[in-house]
Amino acid sequence: MLETSSALRAAAARVLEDNWLGSSTVPSRNLYPHQWSWDSAFIALGLRHLAPERARRELVTLFNAQWRDGRVPHILFNPDTPPEAYFPGPGFWRAGRTSGLIQPPVHARAVWAVHQADPVGSDTDTFLATLYPKLKAWHRYLLAHRDFGGHGLVSIVHPWESGMDNSPAWDGPLSRVTPADPGQFTRRDLVHGAPADRPTDDEYCRYVRLAAGYRDSDYSDIHWPTERDGFTVEDPGFNALLADAELALAEIAVTLGLPAAAAGHRESAARMAKAMTERLWDTRAGFFFPLDVRTGKACREYTCGGLLPLLLPDLAVAPALLSTATGPRFRLGQVLAVPSYDLTSPSFDPAKYWRGPAWANVGWLVREGLLRHGEDALARQLRLDLLNLARWTDFAEYVNPLSAAGHGARSFGWTAALAIDLLAGEES
């Protein structure tokens with residue numbers, strides 16, 4: 001097993017080396033040839049075991065592109081990549097070298113982990129002192145500018161902001177969006193990915209319409225949510241990750257000698273957990289559902305985003321959520337890793353992007369949640385699944401949780417990085 005683990009670690013390290021641009025890492029050389037926000041956070045978790053200084057540089061590079069309002073854009077474009085290599089590229093967004101959307105705020109957890117891997121080097125680089133105010137500004141943007149529901153939870157304004165692009169949870173809110181004219185753009189994702197696995201043309205046209213509308217509003221979080229074609233959803237996955245990030249910020253603040261600030265971050269996390277339970281938890285279903293802020297109705301689809309509140313260590317409803325996770329809808333511990341969608345739904349598709357396949361980053365996050373709630377046996381099984389899937393599929397972007405078939409890009413950044421992180425644990 002040691003030889004196999006060593007070989008897997010070496011192969012994963014080669015993926016990260018091949019995807020390294022000099023100051024950041026691309027998720028995939030072909031399909032995603034730029035720097036993505038939450039990808040970089042997960043990639044840094046693996047890089048910290050190989051080259052902590054590179055992990056620090058990965059995150060600093062991303063936050064150097066932070067907007068003045070505090071948002072961290074979901075794409076930082078590589079100027080050496082031809083514009084036609086990816087759509088929508090910088091010309092579409094009209095925001096310089098970045099996009100104007102965001103992605104889940106996993107960065108504080110990554111920053112804290114990277115610091116812990118090399119405290120001396122981190123202190124020498126003033127890593128925490130540099131990024132702490134940037135992380136605070138990022139969270140402040142989310143909590144101050146994106147609380148459209150007025151109950152202390154963040155709303156996303158585009159499915160891409162969830163990180164789970166074409167999740168069935170977004171079908172209802174997205175159905176109100178007028179599709180863009182497909183003749184106005186060319187989908188580049190279909191060149192490098194199997195069309196049957198990717199979002200449909202109709203879905204993609206709605207994504208483009210939403211993104212263009214938000215862009216044309218000058219990325220205004222005051223005016224755009226009121227537009228007819230807007231999309232305003234409180235996502236339990238996004239909000240759970242922000243609450244967990246606030247807990248990580250508390251750890252950072254303690255290290256920087258800021259106990260009052262640390263207490264404030266913990267209080268913020270507790271408020272969010274309470275609001276999520278009050279707004280998004282369905283007791284009868286035993287699950288967290290997204291809320292369509294425009295209609296006040298739940299998006300009642302069982303997706304992997306509803307499992308992410310397990311990250312919160314004091315979550316009162318954790319036993320009921322664990323029951324749903326191990327039940328027929330997700331069969332945690334019985335199928336491979338974590339299906340992204342309800343296994344019992346007639347719409348479940350094990351190969352269709354976020355409509356069934358398992359993803360390494362979701363598996364890693366759910367495993368963290370299991371450990372925080374004492375589910376060590378399930379966490380061990382999930383770790384083994386994730387490592388085996390990385391090994392069997394050449395670090396595929398996503399996998400069939402029933403057959404272990406790989407889909408999407410190969411040599412995918414966060415799949416390789418998280419395999420390294422899992423191998424570095426005490427169980428390896």
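Everything quoted here is computed from the prediction, not taken from an experiment. (Residues numbered from 1 in each chain as written. Predicted model: local features only at pLDDT ≥ 70, side-chain atom pairs only at ≥ 80, totals over all residues. Heavy atoms only, no water.)

### Brief notes about the overall build of the protein
Moving on, step 1. Of regular secondary structure, the protein possesses 16 helices and ten strands.
Moving on, step 2. Against the compact-globule benchmark of 22 Å for 428 residues, the protein has a radius of gyration of 20 Å, which places it among compact chains.
Moving on, step 3. Considering only C-alpha atoms, the protein reaches an extent of 55 × 45 × 45 Å along its principal axes.
Moving on, step 4. Per-residue burial over the protein gives 63% buried out of 428 residues.
Moving on, step 5. Of all intrachain contacts in the protein linking residues separated by at least 6 positions in sequence, the fraction that spans at least 24 positions is 68%.
Moving on, step 6. Split by element, the accessible area of the protein, about 15,900 Å² in all, is 50% carbon and sulfur.
Moving on, step 7. For the protein, the distance from the average position of its 42 positive side-chain charges to the average position of its 49 negative side-chain charges is 2 Å. (Helix = DSSP H or I, 4+ residues; strand = E, 2+ residues; numbered from the N terminus. Rg over C-alpha atoms; globule rule 2.2 N^0.38 Å. Buried < 20%, exposed > 50% of the residue type's maximum accessible area, 1.4 Å probe, protein only. Contact = heavy atoms within 4.5 Å. Areas by Shrake-Rupley, 256 points an atom, 1.4 Å probe, with all protein chains shown as cover. Lys, Arg positive; Asp, Glu negative; His and termini not counted. Charge placed at Lys NZ, Arg CZ, Asp CG, Glu CD.)

### With respect to the pattern of salt bridges
Moving on, step 1. With the rule as written, the count across this model stands at 24 salt bridges.
Moving on, step 2. Among the ionic pairs, Glu161 bridges to Arg146, the shortest N-O distance being 2.8 Å. Of the two residues, Glu161 sits in the loop between strand S3 (155-156) and helix H8 (171-174) while Arg146 sits in the loop between helix H7 (127-145) and S3, which places them 15 residues apart along the sequence. Judged on exposure class, the residue Glu161 and its partner Arg146 are both buried.
Moving on, step 3. Between Arg372 and Glu368 there is a salt bridge, with its nearest N and O atoms 3.5 Å apart. (Salt bridge = Lys/Arg side-chain N within 4 Å of Asp/Glu carboxyl O.)

### Some thoughts on the packing of helix H14 (residues 360-372) against helix H16 (residues 413-423)
Moving on, step 1. At a closest axis distance of 9 Å, the pairing of H14 and H16 adopts a crossing angle of 30°. Taken as axis vectors, H14 and H16 run roughly parallel relative to one another. Of the residues in H16, those touching H14 at Ala360, Asn361, Trp364 and Arg367 are Trp414, Thr415, Leu418, Asp421 and Leu422.
Moving on, step 2. Its residues assigned to classes, the contact of H14 with H16 comprises five nonpolar, two polar and two charged. (Axes fitted to C-alpha atoms, helices over the stretch in contact; angles between N-to-C directions. Parallel < 35°, antiparallel > 145°, perpendicular 65-115°, else oblique. Nonpolar A, V, L, I, M, F, W, Y, C, P; charged D, E, K, R; others polar.)

### Re the confidence of the model for the protein
Do not read the predicted coordinates in detail wherever pLDDT is low.
Moving on, step 1. In the predicted model, the protein carries a mean pLDDT of 95, and the fraction of residues at 70 or more is 98%.
Moving on, step 2. Averaged pLDDT values for the elements of the protein fall to 74 in helix H9 (residues 189-192) and rise to 99 in strand S6 (residues 287-288). (pLDDT = per-residue confidence, 0-100.)

### Considering the side chain of Ser268
Moving on, step 1. Turning to its location among the elements, Ser268 is positioned in helix H12 (residues 259-279).
Moving on, step 2. Overall, the relative accessible area of 6% leaves Ser268 in the buried class.
Moving on, step 3. Each residue touching Ser268, except ones within four places of it in the same chain, is listed here: Leu143 and Glu246.

### Let's talk about H12
Moving on, step 1. With 21 residues, H12 ought to run about 30 Å at 1.5 Å a step, and its terminal C-alpha atoms sit 30 Å apart, in line with that.
Moving on, step 2. Of all the positions in H12, only Ala262, His265, Ser268, Ala269, Met272, Ala273, Ala275 and Met276 are classed as buried. Down the axis, H12 shows its buried residues gathered within 165° of arc, on one side only. Away from the buried face of H12 by more than 90 degrees, exposed residues Pro259, Ala260, Arg271, Lys274 and Glu278 are located.
Moving on, step 3. Where H12 is buried, its residues meet H7, helix H11 (236-255), strand S5 (281-282) and S6. (Expected span 1.5 Å × (residues − 1). Arc of directions from axis to C-beta.)

### Examining the environment of Met276
Moving on, step 1. Looking at where Met276 falls in the secondary structure, it is placed in helix H12.
Moving on, step 2. Taking the C-alpha atoms as reference points, Met276 and His151, 125 residues apart in sequence, are found 9.2 Å from one another.
Moving on, step 3. Beyond its immediate sequence surroundings of up to four residues, Met276 is in contact with Leu153, Pro236, Asn239, Ala240, Trp281, Phe288, Pro309 and Leu312.

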